[in-house]
Amino acid sequence: MRTLQQSTYDVLICADAAELAREAARRFAELADIFVNDIGRFAVALSGGSTPKAMFHILADKPFADALPWRSIFFFWGDERCVPPDHADSNYRMANETLLSKVAIPRENIFRIPAEDEDHERAAASYSETLQKFFAEQKPHFDLVFLGMGADGHTASLFPGTAALHANDRIVVANYVEKLQSWRITLTAETINRARNIIFLVAGEDKASALKEVIEGPRNSEKYPSQLIEPFHGSLLWMVDEAAASLLK
Ligand code: 6PG
């Protein structure tokens with residue numbers, strides 16, 4: 001494992017996806033303890049994807065399952081596919097099956113996106129309200145946001161060339177993604193950037209070219225929306241595997 005330190009972000013390179021998932025679980029646990037000790041709670045936004053899934057499996061097992069302050073951890077999502085919560089594509093379902101249903105988390109600590117609502121704008125508005133209520137009418141500021149990145153440079157459901165990239169006056173938006181021919185509900189980059197900690201989990205050779213463009217390339221956030229992620233006050237950590245990092249300088 002090696003770390004590249006930059007002025008505004010760090011890159012942690014793990015040998016492979018399995019080490020990446022273990023290290024991400026360790027960081028989650030560390031941050032949960034710090035925030036629960038400091039402010040009495042830990043609010044985290046999860047993403048979909050394969051690397052988080054591996055991390056959830058690790059968190060659902062010993063030692064984390066017994067040791068973490070689950071009652072003080074609050075779960076949200078960075079984005080959701082517009083399907084019911086029991087659908088195979090649901091990000092909520094994946095987290096619920098692999099982690100949330102297996103540890104002692106009160107159901108009232110789980111805030112899923114109501115993406116099954118066929119009125120997508122209403123679903124986004126409803127989740128904005130949920131967040132505003134939780135954060136006591138302040139702008140939502142998660143303690144930790146986990147993000148993945150697609151091979152096209154998208155993150156959360158901020159896809160290249162889509163309207164959500166320009167919706168920073170909103171907390172959550174419904175975003176139509178032409179290439180998927182479907183709707184997604186997503187936090188805006190502005191909401192993500194208010195987080196205290198942001199961690200990207202990126203594994204696999206197919207991500208190498210986008211990762212290089214996002215981190216080392218010229219600014220082009222319309223094409224590589226992951227470039228929009230620049231926390232206002234918090235820290236940004238890219239956790240990647242050797243395969244994804246293979247084109248970095
Ligand atoms: C989703 C996401 C999405 C995901 C990336 C990377 O709902 O699909 O939240 O942004 O994180 O597509 O996914 P992988 O880690 O599986 O490649």
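Data block above holds the structure.
Notes on the structure in this doc start here. (Residues numbered from 1 in each chain as written. Predicted model: local features only at pLDDT ≥ 70, side-chain atom pairs only at ≥ 80, totals over all residues. Heavy atoms only, no water.)

Turning our attention to the packing of helix α2 (residues 50–59) against helix α4 (residues 91–98). Remark: α2 packs on α4, axes separated minimally by 8 Å, with the N-to-C direction vectors making an angle of 25 degrees. In terms of orientation, α2 and α4 fall into the roughly parallel class. Note on packing geometry: the crossing formed by α2 with α4 is right-handed. In this structure, α2 uses K53, F56 and H57 to contact α4, whose residues at the interface are M94, A95 and T98. Of the residues belonging to the contact of α2 with α4, the class tally is three nonpolar, two polar and one charged. (Axes fitted to C-alpha atoms, helices over the stretch in contact; angles between N-to-C directions. Helix = DSSP H or I, 4+ residues; strand = E, 2+ residues; numbered from the N terminus. Parallel < 35°, antiparallel > 145°, perpendicular 65-115°, else oblique. Left-handed = near helix turned anticlockwise from the far one by under 90°. Contact = heavy atoms within 4.5 Å. Nonpolar A, V, L, I, M, F, W, Y, C, P; charged D, E, K, R; others polar.)

Bringing the pairing of strand β8 (residues 182–187) into the picture now. Relative to β8, strand β5 (residues 79–81) is paired through three bridges, and the arrangement is antiparallel. Within β8, the residue paired with R81 across the bridge is R184. Here strand β7 (residues 172–177) hands over to β8 after four residues, with Q181 in that stretch at a positive phi of 50 degrees. (Pairing = 2+ DSSP bridges.)

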